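# Close look at the chain arrangement
Spelled out, the chains give:
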Amino acid sequence: TRELKLKNQLIEFEEQSHRREEELMKALNETKSNLESKETENAELRTASYSYQENVEGYEEEIKSLEKELIDVREKHEANEAARNEGSMDLQAEVQELHATIERERGTYSSLLEAAESRAIGLEETNTVLSK
């Protein structure tokens, strides 16, 4: 009976070992499946990360290009503003020169008018004296 008891214990131990082996195999297969899933997920994330990085680099290049374009536009605007101001100053100088010329011409005209009036008065006086 002792032998039978030992045999039964051995059979039970072998069955438990077999069940434990099956459980461990199942757990191992699950772990492998999870690992493969995580590796696939990591590969997808890496791909997405590379794509994201490329997009970021593209956006950074576009920002630099736009900043350069903005600087160029500002410089052109400032140059145009300076040219407009310079042109305005040139026009102001011309207008002032024209005003000065007009004033000189008025002075000359006034002098000529006074001289003509004086001559007319002189002629009238001469005419009056001659007619007497």
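Look a little higher up for the structure.
To start, this report covers the structure provided alongside it. (Residues numbered from 1 in each chain as written. Predicted model: local features only at pLDDT ≥ 70, side-chain atom pairs only at ≥ 80, totals over all residues. Heavy atoms only, no water.)

## A look at the overall build of the chain
For clarity, the cut-off: Per the convention used, a helix needs a DSSP run of H or I reaching at least four residues, while a strand needs a run of E reaching at least two, with both numbered from the N terminus. Areas reported here follow the Shrake-Rupley algorithm with a probe of radius 1.4 Å; residue values treat only the protein chains shown as occluding. Residues scored as charged are limited to Lys and Arg (positive) and Asp and Glu (negative), so that His and the chain ends carry no count. Here the site of a charge means NZ on Lys, CZ on Arg, CG on Asp, or CD on Glu.
Each helix and strand counted, the chain has one helix and zero strands in total. Carbon together with sulfur atoms contributes 54% to the accessible area of the chain, which is approximately 12,700 Å² in total. Taking the average place of the 18 positive charges on the side chains of the chain and the average place of its 33 negative ones, the gap between the two points comes to 10 Å.

## A short note on the pattern of salt bridges
Worth spelling out the cut-off: Think of a salt bridge as a Lys or Arg side-chain nitrogen and an Asp or Glu carboxyl oxygen that are within 4 Å of each other. Only protein chains enter the accessibility calculation, which uses a 1.4 Å probe; a residue whose area is less than 20% of its type maximum is buried, one above 50% is exposed, and one in between is partly exposed.
Across all of its chains, the model carries five salt bridges by this definition. For Arg20, the salt bridge goes to Glu23, with nearest N and O atoms at 3.4 Å. Of this pair, Arg20 and Glu23 both sit in helix H1 (residues 2–131), three residues apart, which is roughly one turn of that helix. Across the salt bridge formed by Asp72 and Lys68, the nearest N and O atoms sit 3.5 Å from each other. Within this pair, Asp72 and its partner Lys68 are both found in helix H1, separated by four residues, close to a single helical turn. Among the residues examined, Lys68 registers a relative accessible area of 53% and is labelled exposed.

## Some remarks on a negative patch on the surface
Heads up, the condition is: The patches reported here contain residues having more than 30% relative accessible area and no salt bridge. Joining distances are 9 Å for like charges and 5 Å for nonpolar side chains (Val, Leu, Ile, Met, Phe, Trp, Tyr).
Together, Glu54, Glu57, Glu60 and Glu61 make up a negatively charged patch on the protein surface. Residue placement: Glu57 occurs in helix H1. Residue Glu57 is classed as partly exposed on the basis of its relative accessible area of 38%.

## So, the environment of Val56
Within the secondary structure, Val56 sits in helix H1. Along the backbone, Val56 and Glu81 are 25 residues apart, and their C-alpha atoms lie at a distance of 37 Å.

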